[in-house]
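One letter stands for each residue in the lines below.
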Amino acid sequence: MTTTKLTWLLIFGIFLVLAYLFSTGQIPVNRVIAETMTTNKKVPFQCRLSLADKQVLEAGVWINFTISNTSDQDLELLSWYTPFEGFMGELFVIKDAEGKTLNYQGPKVKRLTPQPSDFISISAHSELDTELDLTLVYPLSTGSYSISLKPRRLEYKARVNDADLLPFNCSAQELTFNIR
Amino acid sequence: MKYLSTLALSGLSLFALQVNAAQLDAVVDIQSSAAGNVSATLTITNNGQATEKILSWYTDLEEEKIFHVLRDGVEVEFMGPHYKRHAPTEKDFIKLKSGQSLSRSFELTSLYDMSEAGNYEISYDVSSLHLFSNDQPTTQDNGINKVQSANIERLASDASYLWLDGVQSKGLAKVSKKPGGGTECIDGTCFSGRCSNSEKNSIFSALDAADQMANDAVAYLNSHSASNTSARYETWFGEATNSRYNTAASNFDAINDAIDNESITFDCSCNQSYFAYVYPNQPYKVYLCRAFWSARETGTDSRAGTIIHELSHFNVVAGTDDVVYGQSGAKSLAISNPNQALNNADSHEYFAENTPYQN
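Note that this is a predicted model, so its numbers are computed, not measured.

Notes on the state of the cysteines
Residue and element names in this part refer to chain B. Under the counting rule described, the total for this entry stands at four disulfides over all chains. Paired by a disulfide, C270 and C289 hold their sulfur atoms 2.2 Å apart. Every disulfide takes its handedness from the sign of the S-S torsion; for C270 and C289 that torsion is 105°, giving right-handed. In this pair, C270 is assigned in the loop between β15 (265-267) and β16 (276-278) and C289 in the loop between β17 (285-288) and α5 (290-294), connecting sequence segments 19 residues apart.

Overview of unusual backbone geometry
A negative phi angle is the norm for most residues apart from glycine, just as the trans form is the norm for most peptide bonds. A cis amide bond, omega -10°, links P283 of chain B with the succeeding residue Y284 of chain B. Secondary-structure assignment places Y284 of chain B in the loop between β16 and β17. In this structure, P356 of chain B follows T355 of chain B across a cis peptide bond, with omega equal to -5°. Within the secondary structure layout, P356 of chain B lies in the segment after α9 (345-353). We note that H125 of chain A has phi near 55°; this positive angle belongs to a residue other than glycine. With respect to the helices and strands, H125 of chain A occurs in the loop between β7 (119-122) and β8 (127-133).

Let's talk about the sheet that holds strand β14 (residues 189-192) of chain B
Taken in spatial order, the six strands of this open sheet run β6(A)-β16(B)-β17(B)-β15(B)-β14(B)-β13(B), and their pairing is mixed. Bordering the open sheet on either side are β6 (108-110) of chain A together with β13 (184-186) of chain B, each of which pairs with just one other strand. Between one strand and the next, the sheet's axes are offset by a mean angle of 25°, whatever the strand orientation. Relative to β16 of chain B, β6 of chain A runs antiparallel, the two being bridged by three bridges. Following the sheet pairing, K110 of chain A is matched in β16 of chain B by A276 of chain B. Its contacts with the sheet put helix α2 (residues 197-223) of chain B on β13, β14, β15 and β17 of chain B, and the angle it makes with β14 of chain B is roughly 145°.

Topic: the interface of chain B and chain A
Each partner contributes to the interface: chain B provides 24 residues, whereas chain A provides 21 residues. For the pairing of chain B and chain A, the buried interface totals around 1900 Å² over both sides, and the portion due to carbon and sulfur atoms is 54%. For the interface between chain B and chain A, the tally reads six salt bridges. As a salt-bridge pair, D301 of chain B and K110 of chain A come within 2.8 Å of each other at their nearest N and O atoms. Inspection of the chain B/chain A interface yields ten residue pairs in polar contact (both at pLDDT 80 or more). When contributions to the side of chain B that touches chain A are tallied by element, the ones reaching two or more residues are β16, α6 (303-313) and α9 of chain B. Per element, the largest residue contribution to the side of chain B that touches chain A is four residues, and it comes from α6 of chain B. In terms of residue class, the side of chain B that touches chain A is built from eleven nonpolar, seven polar and six charged.

Here we look at the packing of aromatic side chains
This model, assessed by the stated rule, comprises 26 aromatic pairs over all chains. On the basis of an interplanar angle of 65° and a centroid distance of 4.9 Å, the ring pair of W80 of chain A and Y325 of chain B is categorised as edge-to-face. Here W80 of chain A is found in the loop between β4 (75-78) and β5 (92-96), whereas its partner Y325 of chain B is found in the loop between α6 and α7 (327-336) on a different chain. The class of W80 of chain A is buried, set by a relative accessible area of 3%. Look at Y325 of chain B and you get buried, because its relative accessible area is 13%. Summarising the aromatic geometry, the rings of Y277 of chain B and Y287 of chain B are spaced 4.6 Å apart at their centres and angled 0° between planes, so their arrangement reads as stacked.

Some words on the sheet that holds strand β3 (residues 62-69) of chain A
All names here are of chain A. Ordered by their spatial adjacency, three strands build an open sheet running β1-β3-β8, and the pairing between neighbours is antiparallel. With one partner strand each, in any of the chains shown, β1 (45-50) and β8 form the two edges of the open sheet. Direction aside, the axes of adjacent strands within the sheet are offset by 15° on average. As judged from the seven bridges shared by β3 and β8, these two strands associate in the antiparallel manner. Among the inter-strand pairings, I67 is bridged to a residue of β8, identified as L128.

Here we look at the side chain of E90 of chain A
Assignment of secondary structure puts E90 of chain A in the loop between β4 and β5. For E90 of chain A, a relative accessible area of 13% puts it in the buried group. A polar contact is formed between the side chain of E90 of chain A and the side chain of K108 of chain A, at a distance of 3.3 Å. In this structure E90 of chain A touches Y104, K108, Y138, K150 and R152 of chain A together with D321 of chain B, once residues within four positions along its chain are discounted.

Concerning the confidence of the model for chain B
Residues and elements named next belong to chain B. Model confidence for chain B is summarised by a mean pLDDT of 87, while 86% of its residues fall at 70 or above. Confidence over residues 1-20 falls short of pLDDT 50; this stretch has four contacts with residues more than four positions distant or in other chains. Reported for the predicted complex are a pTM of 0.75 and an ipTM of 0.73.

Cut-offs and rules
Residues numbered from 1 in each chain as written. Chains lettered and ligands numbered in written order. Predicted model: local features only at pLDDT ≥ 70, side-chain atom pairs only at ≥ 80, totals over all residues. Heavy atoms only, no water. Disulfide = S-S within 2.5 Å. Helix = DSSP H or I, 4+ residues; strand = E, 2+ residues; numbered from the N terminus. Pairing = 2+ DSSP bridges. Axes fitted to C-alpha atoms, helices over the stretch in contact; angles between N-to-C directions. Contact = heavy atoms within 4.5 Å. Buried area = accessible area lost by both parts, 1.4 Å probe. Salt bridge = Lys/Arg side-chain N within 4 Å of Asp/Glu carboxyl O. Polar contact = N/O pair within 3.5 Å; in protein donor to acceptor, adjacent residues only side chain to side chain. Nonpolar A, V, L, I, M, F, W, Y, C, P; charged D, E, K, R; others polar. Phe/Tyr/Trp six-rings, centres within 6.5 Å; stacked < 30°, edge-to-face > 60°. Buried < 20%, exposed > 50% of the residue type's maximum accessible area, 1.4 Å probe, protein only. pLDDT = per-residue confidence, 0-100.

Pasting the structure below:
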């Protein structure tokens, strides 16, 4: 009987600590609340988006993009239309609380032939990541938003000297975040 | 006698002020190209016995407005930078030994508005407090108050004369606007970012070709239908439905309307390897980059096609995206996802360029 009481007291104590941490917002600041992975057996890459669920506009709204080479060989990723080259096109679809898509305000660039410097080497079983500030090119203000990668065909090649580019789709599930 | 010598002395000092550093001579040589560009070569020579100095800013068109350009007697606008500077230090001066000269060439039409036909008069003409030396202005007490004798130093060349045919648009006459701020407009087409005369001529020519392409695309879409497409439509937009076909038709109507009725601004400042870029929410400004200038006027990935591509991006036109790039990518997209093909800028460009030709 006493043991049960003690257990309940312990659980209650843990609950109090957690409630305190949650209400003061100590933990969620850099907490990744949602991670999505798209796995496709034929695709040697996995893409992942993450961002803190609570954001402050003044600090910029930074989203993290990670791409993993899940294959057994080193690969050359074409950086075009990936977050690794910054905003050269519309990378994300951001919707406000009403489901309305925000207007992309960055540039859209026409290029023709990828140059050697446009490729990024990613070793077998390793990953690369980068961060972008969404406030640079999307009219974000306080409120709730959802964000996903704009579906796009990306390309890679198996060896530096290969002429042929192989396509793959790098997609990620929708994340949500809130700006105070 | 005392009076006379004072007069003579003051006369001498006045004379000295006006012929400051007469030892330096400036000569300007003007050359015009068939494409309409004008190159000015400035040569400054020290014809004196002693070493002379000149403030380097005044030998560089990228730093100061060093040429005086008149068209039929009226000064033309300078579109280069205006800097606010600190007082010069010794390292800002170029030293010229006796007999030594410096020579620099500048393309003028990208920095002066020389797009209108006329008789041009061009001279080098600069003035500054510190043109030839870093000496501080002397302060004199004339008994009432202190007067700073600020001696403006000047160096100028003789004028050169040149007739220019100017830049003309063909059959694209629209209402002219005067936006200012480094932007100038000719027959409703505007230029910013230092477009030279030869670049302006290329743009007009490409815009004319883009206009024909857009007219041709609209004519195709008006004379076919969703149930009656041909290889040209199917190659770039895939299988037609009424809804998709209507999207294609309204997209090209909007592109055609932008060319015919909107004031498009072309910016020549981009030095990247790209063809071009736009900010889709900022119609109708198109930034042209290096690949644009080396492309052919018509055909696949041409200058005219690039204009169609870029106009299609504007949200107020067709709001297209770069879903895939290149002909093979666009062809695959037409088969795999016709809806996305109608959202792809290159698909619109290739349909308009229609190269190789298809019915």
